[in-house]
There are 6 protein chains.
Amino acid sequence: MSYQRSAERAANALRPLRITRGYTRHAEGSVLIEFGQTRVLCTASVEERVPPHQKGSGEGWVTAEYGMLPRATHTRGAREAAKGKQSGRTQEIQRLIGRSLRAVFDLKALGERTITLDCDVLQADGGTRTAAITGAFVAARDAVNGLLASGALKTDPIRDQVAAISVGIVQGTPLLDLEYTEDSACDTDMNVVMTGSGGFVEVQGTAEGVPFSRAEMDALLQLAADGIATLVQAQQAALAQPLVKD
Amino acid sequence: MSYQRSAERAANALRPLRITRGYTRHAEGSVLIEFGQTRVLCTASVEERVPPHQKGSGEGWVTAEYGMLPRATHTRGAREAAKGKQSGRTQEIQRLIGRSLRAVFDLKALGERTITLDCDVLQADGGTRTAAITGAFVAARDAVNGLLASGALKTDPIRDQVAAISVGIVQGTPLLDLEYTEDSACDTDMNVVMTGSGGFVEVQGTAEGVPFSRAEMDALLQLAADGIATLVQAQQAALAQPLVKD
Amino acid sequence: MSYQRSAERAANALRPLRITRGYTRHAEGSVLIEFGQTRVLCTASVEERVPPHQKGSGEGWVTAEYGMLPRATHTRGAREAAKGKQSGRTQEIQRLIGRSLRAVFDLKALGERTITLDCDVLQADGGTRTAAITGAFVAARDAVNGLLASGALKTDPIRDQVAAISVGIVQGTPLLDLEYTEDSACDTDMNVVMTGSGGFVEVQGTAEGVPFSRAEMDALLQLAADGIATLVQAQQAALAQPLVKD
Amino acid sequence: MSYQRSAERAANALRPLRITRGYTRHAEGSVLIEFGQTRVLCTASVEERVPPHQKGSGEGWVTAEYGMLPRATHTRGAREAAKGKQSGRTQEIQRLIGRSLRAVFDLKALGERTITLDCDVLQADGGTRTAAITGAFVAARDAVNGLLASGALKTDPIRDQVAAISVGIVQGTPLLDLEYTEDSACDTDMNVVMTGSGGFVEVQGTAEGVPFSRAEMDALLQLAADGIATLVQAQQAALAQPLVKD
Amino acid sequence: MSYQRSAERAANALRPLRITRGYTRHAEGSVLIEFGQTRVLCTASVEERVPPHQKGSGEGWVTAEYGMLPRATHTRGAREAAKGKQSGRTQEIQRLIGRSLRAVFDLKALGERTITLDCDVLQADGGTRTAAITGAFVAARDAVNGLLASGALKTDPIRDQVAAISVGIVQGTPLLDLEYTEDSACDTDMNVVMTGSGGFVEVQGTAEGVPFSRAEMDALLQLAADGIATLVQAQQAALAQPLVKD
Amino acid sequence: MSYQRSAERAANALRPLRITRGYTRHAEGSVLIEFGQTRVLCTASVEERVPPHQKGSGEGWVTAEYGMLPRATHTRGAREAAKGKQSGRTQEIQRLIGRSLRAVFDLKALGERTITLDCDVLQADGGTRTAAITGAFVAARDAVNGLLASGALKTDPIRDQVAAISVGIVQGTPLLDLEYTEDSACDTDMNVVMTGSGGFVEVQGTAEGVPFSRAEMDALLQLAADGIATLVQAQQAALAQPLVKD
């Protein structure tokens with residue numbers, strides 16, 4: 001007998017997904033992405049300079065920063081700016097987001113400029129890092145569209161879409177898109193990042209309790225691939241709308 | 001001949017004001033406050049402990065932290081958590097918000113607990129600190145209402161309302177509620193914090209260009225007092241609605 | 001019946017004021033300023049470079065740093081260098097001193113050089129920030145006089161004097177130049193910075209206890225204006241003496 | 001045609017492996033592990049206290065710290081202690097080592113004590129994090145054996161072995177145990193952590209260049225499983241020897 | 001032919017020495033010590049607590065902190081509080097001062113309290129660390145006298161005097177009490193700390209240019225011993241005066 | 001009756017000394033030096049740039065960094081990289097190593113390049129700083145030999161050898177080369193750095209308990225000079241072997 005999810009959600013169902021473009025007005029791309037109660041504001045900022053390791057290379061750079069508002073969570077977390085450092089978890093997540101986005105960028109075609117994806121969690125209910133990647137892609141797409149429209153870029157440096165989802169095993173049942181209570185209870189937790197054409201960009205699976213088997217891993221990867229296919233379509237649908245800044 | 005504001009706004013007019021309670025769901029109070037394009041998320045968190053300087057005093061504490069998302073502004077600002085320290089400006093603002101809120105709290109009546117007001121700017125267009133104070137009061141009110149409703153508090157520790165507005169002189173014209181372009185161009189900039197009953201809590205006036213006269217100061221204080229009276233009514237109107245969490 | 005000050009001081013009387021120029025020998029300007037038991041060493045250092053935000057602008061910069069020796073106070077305070085960061089209070093004060101001095105400087109006339117005012121409190125008894133501003137002006141004046149004398153500057157970049165004083169309401173009585181015990185007991189505390197010609201540069205009023213009224217504010221501003229007029233004369237008198245380095 | 005490895009190594013061959021127990025004398029467990037030219041010193045330290053989040057829980061804690069000597073690498077890297085912070089990469093690795101070791105520990109059986117695994121890279125040639133996990137297990141085993149021998153522990157808190165290896169795809173060829181030049185050239189890089197009984201603890205795959213397919217992932221997981229089986233035997237062989245401190 | 005010092009000072013002569021007790025009023029001991037143009041403010045603060053490593057030991061602690069005002073020197077030095085860390089030089093000096101003072105303290109007789117010596121350089125002209133030690137002893141003596149007078153201490157925990165001087169070789173000539181220009185030019189620089197009864201507490205000799213010989217070292221140690229004997233008498237003379245707080 | 005050392009070591013005997021060159025393979029010089037149970041890995045890294053203070057001077061720079069692995073000691077020490085700062089002790093030691101090496105370098109002959117000596121303690125049993133200096137010289141020699149061999153340098157910038165030893169007085173007996181238990185028990189502790197030709201580079205003597213006399217100091221200096229003569233020969237012997245990288 002399998003685990004019963006809240007709100008009668010099926011094991012392979014995503015939470016209600018909402019992608020709002022133009023959420024704030026200053027950034028070149030600004031997307032609020034919501035997976036159920038998880039809400040992440042993803043902005044893409046274009047700057048006409050690159051970090052030292054890319055200087056003079058003719059290539060651009062794509063990077064990400066991640067933050068969580070202190071009261072995005074059930075109990076207040078300390079503000080990292082006040083503590084004076086980002087936690088290991090924060091750094092791990094922002095490195096993951098950056099790598100995931102770079103996987104679909106042709107940095108040569110981007111030219112010597114930087115796109116920074118700021119992913120700030122306004123409300124957390126599990127899956128913030130995968131929501132961030134999925135939303136950051138849309139923000140990056142809007143920012144690049146602006147560069148193409150202005151003539152700053154002649155060719156599109158984005159080669160494919162990228163999206164991500166979490167999967168996990170709770171009480172023996174493989175589940176798609178874990179919410180917080182499921183995430184806390186799961187034996188295995190896996191974050192999967194894939195391209196629009198179905199290639200894997202990142203797979204990060206962790207046994208929280210007992211180790212997991214190859215069969216379990218296969219089931220999780222299939223769940224994730226199906227979920228990401230849906231996300232990729234949702235990104236396309238959102239981007240097909242005209243962009244209206246709030 | 002006086003300075004012409006954008007959108008035909010009168011010199012003594014506030015920008016469109018919107019106060020959304022229950023904006024996020026985990027915090028004991030959560031308010032999105034908007035002054036035109038300035039948007040600040042203010043959450044009130046209740047914790048059953050006090051900082052060391054209040055321990056054993058029988059009194060509670062009210063404090064604030066302030067942050068600005070990196071792309072709340074026209075050009076991306078460095079993330080303070082990544083830089084490893086809060087700027088002098090950030091610290092100055094969060095100290096101001098904390099003092100302003102404490103001015104209307106009876107810390108003895110609050111008991112040994114802490115209310116932390118987190119004010120995070122999602123989008124900036126001038127007046128973020130005064131918007132933060134005005135919104136933080138509403139969030140604090142909701143948090144205290146929760147404590148009263150649950151019986152954790154028997155008597156209301158909030159003695160009065162508190163709200164704030166910026167005023168300034170641009171090209172010789174005293175203006176209420178400066179937006180960013182006005183703030184950048186002004187000769188004198190003043191932030192005023194007042195209680196619901198019309199007492200002054202903070203007055204911070206700064207000559208950005210030429211020094212200002214007593215007459216100019218008087219004009220600005222009057223503008224501010226009128227504006228704050230309107231804000232106090234808006235807080236009451238917002239709090240009169242039933243609280244629905246999003 | 002009004003509050004009785006120590007040493008039979010009148011409510012509108014300054015503490016004994018002493019301004020010692022040339023207090024240390026290496027700085028371009030070096031002033032020990034004493035307001036009663038409050039003693040602040042203010043040095044002005046001239047450097048032939050500007051911070052990044054002024055580079056290539058043709059303009060100079062005037063900035064300030066503030067510190068308090070650990071045992072300037074009744075009980076030892078932690079050394080900020082050892083703690084590894086300046087407190088919010090320190091940053092707030094040094095930003096205030098910097099703005100106040102810049103208010104009387106023509107940065108264009110200063111040319112691409114920086115004057116740094118270091119204000120270090122040797123002994124504290126209330127009013128350290130206002131003493132620092134008043135003393136820093138004299139140190140800056142000496143430093144600029146040196147630049148004029150050497151021919152490095154052709155025209156004087158200082159447009160006016162600047163001085164500051166604290167005022168406050170203790171037990172209902174408006175008082176000029178609060179010492180520590182008065183400062184701790186006051187309901188309202190206000191720091192006022194004015195130019196030699198009587199314009200306001202900064203007004204920072206804070207209700208420590210009950211909010212203050214317009215009438216109280218008017219009384220405080222008048223007290224401050226009178227006190228500052230005296231300080232401005234004292235600055236002139238000190239500067240009229242020949243400069244002898246200790 | 002497949003990629004030719006240095007020293008005629010087969011695609012599915014580990015580098016020469018050496019595990020030296022008792023490498024230093026003060027630690028409760030001290031292991032130098034060598035995978036070819038990669039050398040990591042892993043020490044296990046037992047302390048009779050737990051971090052705050054475990055206090056009073058009756059459970060122990062197992063954690064890890066990772067470092068690289070500045071000249072472990074081809075070009076000198078900045079010393080993290082001198083820079084004043086650990087890089088994101090360092091934190092990510094030490095979090096991974098800690099999770100991997102905890103996966104085979106019964107924290108309840110460990111009792112309220114902490115085992116800290118310090119993994120310091122003396123020389124780096126790829127695969128330092130997986131070597132660290134494999135060596136840290138042996139060090140932890142020696143430390144726990146000491147606790148059992150002394151009677152401090154009655155039951156063994158270690159439930160299984162744990163070991164790790166890196167795999168990757170270079171020029172289309174799946175390879176086991178990447179050395180530095182292979183790691184730099186690979187399209188896909190995967191770190192796999194497994195228990196002695198063959199369960200997965202962590203799988204972290206990253207597409208460095210083009211995304212990877214399910215078929216490629218399957219091939220890599222099989223290579224890793226085979227390699228880890230060999231490592232598990234090597235751990236057993238090393239532990240079967242009497243422990244002689246150098 | 002030997003090196004000619006400024007102001008016709010003999011090679012074995014100290015600079016004019018001045019010890020002013022009660023220089024500031026809040027500290028339990030407060031001494032301004034002047035060696036020619038070098039001026040260091042030394043305060044002794046008594047606190048009724050000890051650092052963690054002495055807790056419950058029944059012993060007290062004596063420690064020191066050292067700082068230099070930014071413009072104590074010819075060119076402005078960065079403020080350590082603003083930089084966010086103390087330099088290696090600062091830490092080395094404050095550790096030296098602390099060890100030197102502890103050498104004459106019976107920590108058991110002091111009881112569980114801490115004396116902190118803050119040594120802040122108001123003006124630097126060479127020899128600040130040795131001036132600091134010599135002045136800190138007098139401040140500590142005044143602080144302990146206060147504890148004896150109040151009855152907090154029954155027996156005197158100070159066993160001997162301690163004083164320090166710098167010596168060095170400039171152009172082949174051994175010199176006592178180097179001023180800044182001599183210090184910059186010297187081949188060998190030695191700081192010597194001795195007790196009132198003539199024992200060595202610290203000897204720190206450094207070859208700045210060519211290495212030094214045993215014969216040179218002997219000459220320097222003799223110069224230092226003679227100079228310190230004079231300093232010990234000066235400390236006694238200063239302490240023989242009644243203490244008047246400024 | 002004098003103090004009896006462990007292993008029947010004579011008061012004037014060094015511990016067994018071992019110098020292993022080519023200990024790791026990436027560094028230009030890499031030496032493991034062992035004084036009994038004290039083991040320090042010293043690497044010399046050559047970089048074709050100089051720190052800011054040497055830029056454009058035509059001179060090179062020689063500097064050192066020191067670290068101790070957390071479990072080099074009897075009880076685990078906190079990792080400095082994790083704490084976010086180097087202790088005062090660490091900074092003091094690395095400054096000493098740097099000065100000692102620079103004493104035998106002709107920086108002009110080195111040209112605008114930097115040699116960094118990283119001295120990392122793998123196992124500590126007293127005398128780590130003096131072992132580090134002695135080993136760092138050999139590593140520096142190997143690195144410079146490489147520069148001479150490659151033609152990057154035409155003339156040898158090393159003017160002499162440098163080596164160091166600790167001496168101390170334990171229970172009245174002057175001892176050479178203190179191990180940890182002796183170091184903890186000593187009354188006087190002295191570190192001496194000398195050149196191959198017998199000149200003094202650094203003498204740092206500290207009274208840990210009672211002050212020391214001139215006679216004691218003379219005895220210690222003689223012990224140290226004899227010990228260093230042996231070390232200098234050992235350096236030569238080690239360097240006379242062909243260099244084989246492990």
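What you see is a predicted model; the values in this text were computed from it and never measured.

Asks: Account for the relation of the copies chain D and chain F, naming residues and giving values.
Replies: Here chain D sits on chain F after a turn of 180 degrees about the axis and a move of 0.0 Å along it, with an RMSD of 0.0 Å. In the structure described here, the two chain copies are related by an operation that fits a two-fold rotation axis. When the interface residues of chain D are mapped onto chain F, 100% of them again lie at the interface, so the same face is used by both copies.

Asks: Lay out the sheet that holds strand β6 (residues 162-170) of chain B with the relevant residues and their values.
Replies: Reading across the sheet, the eight strands line up as β7(B)-β6(B)-β8(B)-β9(B)-β9(C)-β8(C)-β6(C)-β7(C) and stay open at both edges, with antiparallel pairing between neighbours. In this open sheet, the two edge strands, each paired with only one partner strand, are β7 (173-176) of chain B together with β7 (173-176) of chain C. Geometrically, the sheet is characterised by an average inter-axis angle of 15 degrees between neighbouring strands, direction not taken into account. Across five bridges, the pairing between strand β9 (residues 200-207) of chain B and strand β9 (residues 200-207) of chain C is antiparallel. Across the sheet, residue Val203(B) finds its bridge partner in β9(C), namely Gly205(C). In this fold helix α6 (residues 214-240) of chain B packs onto β6, β7, β8 (188-195) and β9 of chain B together with β9 of chain C, with an angle of close to 145 degrees to the strand it touches most, β6(B). Seen against the sheet, helix α6 (residues 214-240) of chain C touches β9 of chain B together with β6 (162-170), β7, β8 (188-195) and β9 of chain C and runs at an angle of roughly 145 degrees to β6(C).

Asks: Outline the interface of chain D and chain F, listing residues and values.
Replies: Residue-level contacts link 39 residues of chain D with 39 residues of chain F. When the two sides are added together, the surface that chain D and chain F hide from each other amounts to roughly 3100 Å², 45% of it contributed by carbon and sulfur. Among the residues of chain D in contact with chain F, His26(D), Arg71(D) and Arg76(D) are the three that bury the most area, contributing 25% of the side total. Summed over the shared surface of chain D and chain F, the number is 12 salt bridges. Counting every contact that joins chain D to chain F gives 25 residue pairs in polar contact (both at pLDDT 80 or more). Elements represented by at least two residues in the side of chain D that touches chain F include exactly β3 (38-47), β4 (61-68), α1 (80-83) and β5 (114-123) of chain D. Split into classes, the residues belonging to the side of chain D that touches chain F amount to 14 nonpolar, 12 polar and 13 charged.

Asks: Please set out the side chain of Thr195(E) residue by residue, giving values where relevant.
Replies: Positionally, Thr195(E) belongs in strand β8 (residues 188-195). For Thr195(E), a relative accessible area of 3% corresponds to the buried category.

Asks: Give me the lowdown on the UniProt feature "binding site: phosphate" (unreviewed entry) in chain A, citing residues and values where you can.
Replies: Residues and elements named next belong to chain A. UniProt feature "binding site: phosphate" (unreviewed entry): in the numbering of this structure it lies at Arg-89, Gly-127, Thr-128 and Arg-129. A stretch of 41 residues holds the annotated residues, and the largest C-alpha distance among them is 13.5 Å, short enough that they meet in one place. If near-sequence neighbours (up to four positions away) are discounted, Gly-127 is found in contact with Thr-38 and Leu-178. Looking at the secondary structure, you find Thr-128 in helix α4 (residues 128-149).

Asks: Pulling in residues and values, what's your account of the interface of chain A and chain B?
Replies: Counting residues at the interface gives 39 residues for chain A, matched by 39 residues for chain B. With both chains or domains summed, chain A and chain B bury close to 3100 Å², and 45% of this area falls on carbon and sulfur atoms. The salt bridge partner of Arg79(A) is Glu65(B), with a shortest N-O separation of 2.9 Å. Viewed at the interface, chain B and chain A are joined by 25 residue pairs in polar contact (both at pLDDT 80 or more). For the side of chain A that touches chain B, the secondary structure elements donating two or more residues are β3 (38-47), β4 (61-68), α1 (80-83) and β5 (114-123) of chain A. Ranked by residues supplied to the side of chain A that touches chain B, first place goes to β3(A) with seven residues. Partitioning the side of chain A that touches chain B into residue classes produces 14 nonpolar, 12 polar and 13 charged.

So, how was this worked out
- Residues numbered from 1 in each chain as written.
- Chains lettered and ligands numbered in written order.
- Predicted model: local features only at pLDDT ≥ 70, side-chain atom pairs only at ≥ 80, totals over all residues.
- Heavy atoms only, no water.
- Least-squares fit on C-alpha atoms with pLDDT ≥ 70 in both.
- Contact = heavy atoms within 4.5 Å.
- Pairing = 2+ DSSP bridges.
- Helix = DSSP H or I, 4+ residues; strand = E, 2+ residues; numbered from the N terminus.
- Axes fitted to C-alpha atoms, helices over the stretch in contact; angles between N-to-C directions.
- Buried area = accessible area lost by both parts, 1.4 Å probe.
- Salt bridge = Lys/Arg side-chain N within 4 Å of Asp/Glu carboxyl O.
- Polar contact = N/O pair within 3.5 Å; in protein donor to acceptor, adjacent residues only side chain to side chain.
- Nonpolar A, V, L, I, M, F, W, Y, C, P; charged D, E, K, R; others polar.
- Buried < 20%, exposed > 50% of the residue type's maximum accessible area, 1.4 Å probe, protein only.
- UniProt positions renumbered as here; feature names shortened; annotations may be inferred.

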